[in-house]
Amino acid sequence: MPPSSAPPSSVPSPTWDVIIVGAGPAGATAARVAAENGCATLLLERAAIPRYKTCGGGLVGASLAALPPGLPLTVHDTAGRFTFALNGRKERTLTCASPTCALVYRSELDAALTDAAAAAGAKVRDSTALTALEQQGDSVAVTTNRGDTLRARVVVGADGSASRVARYVGVQCAQVDLALEVEVPVDERTADRWRGRVLMEWGPLPGSFGWVFPKGDVCTAGVVAARGNPVALRAYKEDFLTRQGLDGPRPLHDTGHLTRCRRPDSPLSRGRVLVAGDAAALVDHWSREGISYALRSGDLAGHAAARIVTAADGTAADTAADRYGRQVDDVLGAEMRASSSLMNLFARNPGLVHTAVTRLPPAWHRLDAYIAGRTSVAGIMTTPFARTATELATRLPLGPAVPRSRRPAEGGGPR
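All values derive from a computational prediction rather than experimental measurement.

Draft legend 1. Region of interest: the overall build of the protein. Broken down by element type, the protein carries 12 helices and 18 strands. The C-alpha atoms of the protein give a radius of gyration of 21 Å, which matches the 22 Å a tight globule of 415 residues would have. With the C-alpha coordinates aligned to their principal axes, the bounding extent of the protein is approximately 70 × 50 × 40 Å. In the protein, which comprises 415 residues, the share counted as buried stands at 55%. Surface exposure of the protein reaches about 16600 Å², of which carbon and sulfur atoms provide 53%.

See the structure below:
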């Protein structure tokens, strides 16, 4: 879809209705929705598509429900069983009532979503990074690494957890974690051992866990904990991989990244600039699951951008941006507040959470329902057991290892 043009005397270059920064699940979804709503849409991605993305690649029910119908996507395995362990002990495997969690590669997922955006009419430019943005009246000027200055009526930042747009908007974080991950090729015997089964191990650091996600002849494995003690986290990673028999082959990828969870009062827009997905720090505090948040916030951002484009004046545009913030907070914010409570319980007493999940059938059934998309974390935390456990946990001190990170992300605040 070609960009609409303003008179040369007022705007020296073509003006897009919507520019999306970042072609991950949030950005590609926002671009598709904006284009479907008749907006001249440009999707910028700093890397060449397809590109590798550090991510477990597990699609829970909420993610699957948010994908566009008929999206062509290769699912490399589906988790029908979950093995839970407590720092290498008390291992127990439970069977899902309806196997749902699809295991994919983010490079393939993001490429498929970007293709869907292009099919809807969005223009895609990869290998193009945003270097600066500035609001000028009823438009936003976007400067790229190619030396271009582009203009849009609305900009949606979906450029990941290290987002430039998030710094501009002033996103602030309540929790910052470091995840270390490898993708390891496995032989046929190892692949058979993991097929249809994922591992979640509660680790030795407060709020930490390790995971193994099988994808045929490759296993994605990693650990996550609060930012602040990378030495301890690397030690846990090496121990975890050794115990799972995944320390032998040379990894296809061996990477790390920060995950960020927003403060409840953190802004989601600034004028005609919105943020979505990881750029908005929309991530589950406990599981660090972010794909479902990205897909859903991207959908809301795409619709909000279309409303801003057609707004009669600045007041109407501000109203549309405010509505986006309320919509995100009503659904995703409520889930994050619930997951923060669950994280506080887990960080103080992972053994209690492990016992509940593996020994109390109602607790597993609730978690299984969340994985399948039949309930949310908020639904889990409203159960009598969860409420009682949370009340008790608030009286317990945090574990002795490493305090959780509760400071803003680097560079937080507008620039």
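Draft legend 2. View of the packing of helix 1 (residues 25–36) against helix 3 (residues 106–119). Packing of helix 1 against helix 3 brings their axes to within 8 Å, and their N-to-C directions diverge by 15°. For the element pair helix 1 / helix 3, the angle class is roughly parallel. Two packed elements cross with a definite hand, and for helix 1 against helix 3 that hand is left-handed. From helix 1, P25, A28, A31 and R32 reach across to helix 3, where they touch R106, L109, D110, L113, T114, A116 and A117. Class assignment for the residues of the contact of helix 1 with helix 3 results in seven nonpolar, one polar and three charged.

Draft legend 3. Examining the packing of aromatic side chains more closely. Summed over all chains, the structure comprises 10 aromatic pairs. With a centroid separation of 6.2 Å and 50° between ring planes, the pair formed by F82 and W364 is classed as tilted. Of this pair, F82 sits in strand 5 (residues 81–86) while W364 sits in helix 10 (residues 361–372); the two residues are 282 residues apart in sequence, bridging distant segments of the chain. Like F82, the residue W364 is buried in the burial classification. In this structure an aromatic cluster arises from ring pairing among F82, F84, W202, F209, W211, W286, F346 and W364. Sitting over the face of the ring of W194, R197 holds its NZ or CZ atom 4.3 Å from the ring centroid. Against the face of Y293 rests R296, its NZ or CZ located 5.3 Å from the ring centre.

Draft legend 4. Structural view of the pairing of strand 2 (residues 41–44). The two faces of strand 2 match: T41 and L43 on one face and L42 and L44 on the other face are all buried. Read from strand 1 (residues 15–21) through helix 1 to strand 2, the crossover connection turns out right-handed. Of the strand pairs in this sheet, strand 2 and strand 8 (residues 123–125) are connected by three bridges, and their pairing is parallel. Paired with L44 across the bridge in strand 8 is R125.

Draft legend 5. Summary view of a nonpolar patch on the surface. The grouping of L352, L360 and F385 at the surface amounts to a nonpolar patch, some 230 Å² of accessible area in total. Structurally, the position occupied by L352 is in helix 9 (residues 350–359).

Draft legend 6. The nonpolar core, seen in detail. One finds V18, I19, V155, V156 and Y324 to be the most contacted residues of the largest nonpolar core, which totals 82 residues. Sort the elements by how many residues they give to this core and helix 7 (residues 291–309) lands first, with nine residues. Once you skip the residues sitting within four places of it in the chain, V156 turns out to touch V18, I19, I20, V21, A30, L274, A276, A301 and A305. By size, the runner-up hydrophobic cluster in this structure holds 32 residues, among which are W211, V377, I380 and M381.

Draft legend 7. Spatial organisation of the pattern of salt bridges. The full count for this structure, using the stated rule, is 13 salt bridges. We note a salt bridge from R243 to E201, for which the minimum N-O separation is 2.7 Å. Taken together, the residues span a long stretch of sequence, with R243 in helix 6 (residues 230–243) and E201 in strand 13 (residues 197–202) at a distance of 42 residues. Accessibility expressed as a relative area gives 1% for E201, which makes it buried. Close ionic contact of D254 with K237 constitutes a salt bridge, the shortest N to O distance being 2.7 Å. A residue pair is termed long-range when its members are at least 10 positions apart, and D254 in strand 16 (residues 253–262) and K237 in helix 6 qualify at 17 residues.

Draft legend 8. Expanded view of unusual backbone geometry. P50 follows I49 through a cis peptide bond whose omega is 0°. Within the secondary structure, P50 is located in the loop between strand 2 and strand 3 (58–59). In the Ramachandran plot, N87 falls in the positive-phi region, its phi being about 50° despite a non-glycine side chain. The topology assignment puts N87 in the loop between strand 5 and strand 6 (89–95). Phi angles above zero are rare outside glycine, and K90 is one such case at about 50°. Examined against the element boundaries, K90 turns out to sit in strand 6. Given the relative accessible area of 53%, K90 is considered exposed.

Draft legend 9. Fine view of the sheet that holds strand 4 (residues 77–79). Taken together, three strands build an open sheet; the order of strands is 3-7-4 and the sheet is antiparallel. Every interior strand has two partners, whereas the edge strands, strand 3 and strand 4, have only one. Summarising the sheet, strand 3 and strand 7 (residues 101–103) pair through two bridges and their orientation is antiparallel. Among the inter-strand pairings, G58 is bridged to a residue of strand 7, identified as L103.

Draft legend 10. Spotlight on helix 8 (residues 314–348). For helix 8, with 35 residues, the first-to-last C-alpha span of 47 Å sits near the 51 Å given by 1.5 Å per residue. The principal kink in helix 8, of about 40°, is found at D329. Regarding helix 8, its N-cap is D313, as a side-chain oxygen of that residue lies 3.2 Å from the backbone nitrogen of T315 further along.

Draft legend 11. Inspection of the sheet that holds strand 5 at higher detail. Reading across the sheet, the seven strands line up as 6-5-13-14-15-12-16 and stay open at both edges, with mixed pairing between neighbours. The outermost strands of the open sheet, each flanked by one partner alone, are strand 6 and strand 16. Pairs of neighbouring strands in the sheet enclose a mean axial angle of 20°, with direction left out of account. Bridge count between strand 5 and strand 13: six bridges; the pairing is parallel. Paired with R81 across the strands is R197, a residue of strand 13. Strands strand 5, strand 6 and strand 13 of the sheet are contacted by helix 9, whose axis makes an angle of about 145° with strand 5. Across the sheet, helix 10 touches strand 5 and strand 6, and the angle it forms with strand 5 is around 125°.

About the thresholds
- Residues numbered from 1 in each chain as written.
- Predicted model: local features only at pLDDT ≥ 70, side-chain atom pairs only at ≥ 80, totals over all residues.
- Heavy atoms only, no water.
- Helix = DSSP H or I, 4+ residues; strand = E, 2+ residues; numbered from the N terminus.
- Rg over C-alpha atoms; globule rule 2.2 N^0.38 Å.
- Buried < 20%, exposed > 50% of the residue type's maximum accessible area, 1.4 Å probe, protein only.
- Areas by Shrake-Rupley, 256 points an atom, 1.4 Å probe, with all protein chains shown as cover.
- Axes fitted to C-alpha atoms, helices over the stretch in contact; angles between N-to-C directions.
- Parallel < 35°, antiparallel > 145°, perpendicular 65-115°, else oblique.
- Left-handed = near helix turned anticlockwise from the far one by under 90°.
- Contact = heavy atoms within 4.5 Å.
- Nonpolar A, V, L, I, M, F, W, Y, C, P; charged D, E, K, R; others polar.
- Phe/Tyr/Trp six-rings, centres within 6.5 Å; stacked < 30°, edge-to-face > 60°.
- Lys NZ or Arg CZ within 6 Å of the ring centre and 35° of its normal.
- Right-handed = clockwise from strand over helix to strand, strands pointing away.
- Pairing = 2+ DSSP bridges.
- Patch = residues over 30% accessible without salt bridge, like charges linked within 9 Å, V, L, I, M, F, W, Y side chains within 5 Å.
- Salt bridge = Lys/Arg side-chain N within 4 Å of Asp/Glu carboxyl O.
- Core = buried A, V, L, I, M, F, W, Y, C linked by side-chain atoms within 4.5 Å.
- Expected span 1.5 Å × (residues − 1).
- Bend = angle between axes of the 7 residues up to and from the residue.
- Polar contact = N/O pair within 3.5 Å; in protein donor to acceptor, adjacent residues only side chain to side chain.

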